[in-house]
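# Chains, contacts and geometry: an overview
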Amino acid sequence: MRKAGLVVGETLEVLRAAARPGVTLLELDAIAEDSIRSRGGVPSFKGYHGFPGSICASVDEVVVHGIPGSRELKDGDIISIDCGAIVDGWHGDAAITVAMGSVPDEVSELMRVTEESMWRGIAAARLGGRVTDISHAIETYVDSQGDYGILEEFSGHGIGTEMHMEPSVFNYGKPGKGAKLQRGIALAVEPMLTLGGPEVTTLEDDWTVVTDDGSWAAHFEHTFALTSDGAWVLTALDGGEEMLGKLGVPWGGH
């Protein structure tokens, strides 16, 4: 899974550099597929329940599952890029949100809070704890930072030999509930926040999820495994050592 995670992490860095005004979502998708395959992986999204792309490319008010098409990015947009890869039958899954040029301060703050809440959630994972400890840490941090919509219909998930496995990892809830956090459990943590309400609609293509109020959204995700030493973030290039260190929690990638 670390091999698959590195394929995803490296591909997202390639896409972060490639995403700029004038580039189409289809061009980013092609870059992603080439990056994944050249690193020995297979795109896990392509063909998944009929999804046509190697990435989900979600711009502005599109929260998740945006289908890569002919839309060109423009200055002031934000794009959430979700990427998955399979190596030797094992999955990695991660997402980033990237701003095109300058965006309003509230949008930059939305991105910061979303990413930070993801790390707070991962940092809350402890051996013997419960899955909703992660959920509660995300919600508590988000609520402390302002009035953001937390998507309730979509969640993180278990991951391993399949991309989506039990348990679900919601981004809100009371602690101490759900599956026990045991050594070796692998989870994808992915907060999705909006500048407005949490209500969303899936468009007629059966994939694209947009906010009902037209507010912009951000999405960050990492896959981590829980070891006897702590969380090892399999899709982070440094395994999560820097960010977990800043939060003062043990790092499991030793």
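Residues numbered from 1 in each chain as written. Predicted model: local features only at pLDDT ≥ 70, side-chain atom pairs only at ≥ 80, totals over all residues. Heavy atoms only, no water.

If you check an unreviewed UniProt entry, the protein chain appears there as Methionine aminopeptidase from Nocardioides luteus. The protein chain has a UniProt comment under Function (unreviewed entry) that states "Removes the N-terminal methionine from nascent proteins. The N-terminal methionine is often cleaved when the second residue in the primary sequence is small and uncharged (Met-Ala-, Cys, Gly, Pro, Ser, Thr, or Val). Requires deformylation of the N(alpha)-formylated initiator methionine before it can be hydrolyzed." According to its UniProt record, the protein chain has this under Subunit (unreviewed entry): "Monomer." (UniProt positions renumbered as here; feature names shortened; annotations may be inferred.)

### Quick look at the packing of helix H3 (residues 105-123) against helix H4 (residues 131-145)
Taken N-terminus to C-terminus, the directions of H3 and H4 make an angle of 150 degrees; their axes are 8 Å apart at the nearest point. Viewed along their axes, H3 and H4 adopt a mutual orientation that is roughly antiparallel. The chirality of how H3 crosses H4 is right-handed. Two secondary-structure elements touch here, H3 through Glu-109, Arg-112, Val-113, Glu-116, Ser-117, Arg-120 and Gly-121 and H4 through Ile-134, Ala-137, Ile-138, Tyr-141, Val-142 and Gln-145. A breakdown of the residues in the contact of H3 with H4 according to their chemical character gives six nonpolar, three polar and four charged. (Axes fitted to C-alpha atoms, helices over the stretch in contact; angles between N-to-C directions. Helix = DSSP H or I, 4+ residues; strand = E, 2+ residues; numbered from the N terminus. Parallel < 35°, antiparallel > 145°, perpendicular 65-115°, else oblique. Left-handed = near helix turned anticlockwise from the far one by under 90°. Contact = heavy atoms within 4.5 Å. Nonpolar A, V, L, I, M, F, W, Y, C, P; charged D, E, K, R; others polar.)

### Points about the pattern of salt bridges
Taken as a whole and assessed by the stated rule, the structure comprises nine salt bridges. Salt-bridge contacts for Arg-71 lead to Asp-60; the nearest nitrogen and oxygen are separated by 3.5 Å. Linking Arg-71 in the loop between strand E3 (62-64) and strand E4 (78-87) with Asp-60 in the loop between strand E2 (55-59) and E3, this pair joins segments that are 11 residues apart in sequence. Residue Arg-71 is classed as partly exposed on the basis of its relative accessible area of 34%. By relative accessible area, Asp-60 is classed as buried at 4%. With a closest N to O distance of 3.4 Å, Lys-246 and Glu-242 form a salt bridge. Remark: Glu-242 and Lys-246 occur in helix H5 (residues 241-246); sequence separation between them is four residues, near one turn of the helix. For Lys-246, a relative accessible area of 61% gives the class exposed. (Salt bridge = Lys/Arg side-chain N within 4 Å of Asp/Glu carboxyl O. Buried < 20%, exposed > 50% of the residue type's maximum accessible area, 1.4 Å probe, protein only.)

### Looking at the layout of surface pockets
Computed from the structure, the largest pocket encloses a volume of approximately 400 Å³. Every residue lining the largest pocket is counted, 21 residues in all, and those nearest its centre are Glu-13, Arg-16, Glu-115, Trp-119 and His-222. If you tally residues by element for the lining of the largest pocket, the top one is H3, at five residues. Within this model, the second largest pocket holds a volume of roughly 320 Å³. Lining of the second largest pocket is provided by 19 residues; of these, Tyr-48, His-65, Asp-82, Met-163 and His-164 occupy positions nearest its centre. Grouping the constituent residues of the lining of the second largest pocket by class yields nine nonpolar, seven polar and three charged. (1 Å grid on protein atoms, 1.4 Å probe; cavity = no way out; pocket = protein on both sides within 12 Å on 5 of 7 lines; lining within 4 Å. Points joined across faces, edges and corners; volume = space filled by probe spheres on them.)

### What to know about the packing of aromatic side chains
According to the stated counting rule, one finds two aromatic pairs in the structure shown. Ring geometry for Phe-51 and Trp-207: centres 5.0 Å apart, planes at 75 degrees, overall edge-to-face. Placement of the pair is Phe-51 in the loop between strand E1 (42-43) and E2 and Trp-207 in the loop between strand E11 (200-202) and strand E12 (209-211), with a sequence separation of 156 residues. Accessibility classification places Phe-51 together with Trp-207 in one group, the buried group. (Phe/Tyr/Trp six-rings, centres within 6.5 Å; stacked < 30°, edge-to-face > 60°.)

### Things to note about the sheet that holds strand E14 (residues 222-227)
Strand order in the open sheet formed by five strands is E8-E7-E9-E14-E15, and the pairing between neighbours is antiparallel. Since the sheet does not close on itself, it has two edges, and those belong to strand E8 (165-169) and strand E15 (230-233), each with one partner. Taking the axes of each pair of neighbouring strands and ignoring which way they run, one obtains an average angle of 30 degrees across the sheet. The sheet contact formed by strand E7 (residues 156-158) and strand E9 (residues 186-189) spans two bridges and is antiparallel. When the bridges of E9 are listed, Gly-158 appears paired with Leu-187. Relative to the sheet, H4 contacts E8, E9 and E14, its axis offset from that of E8 by approximately 30 degrees. (Pairing = 2+ DSSP bridges.)

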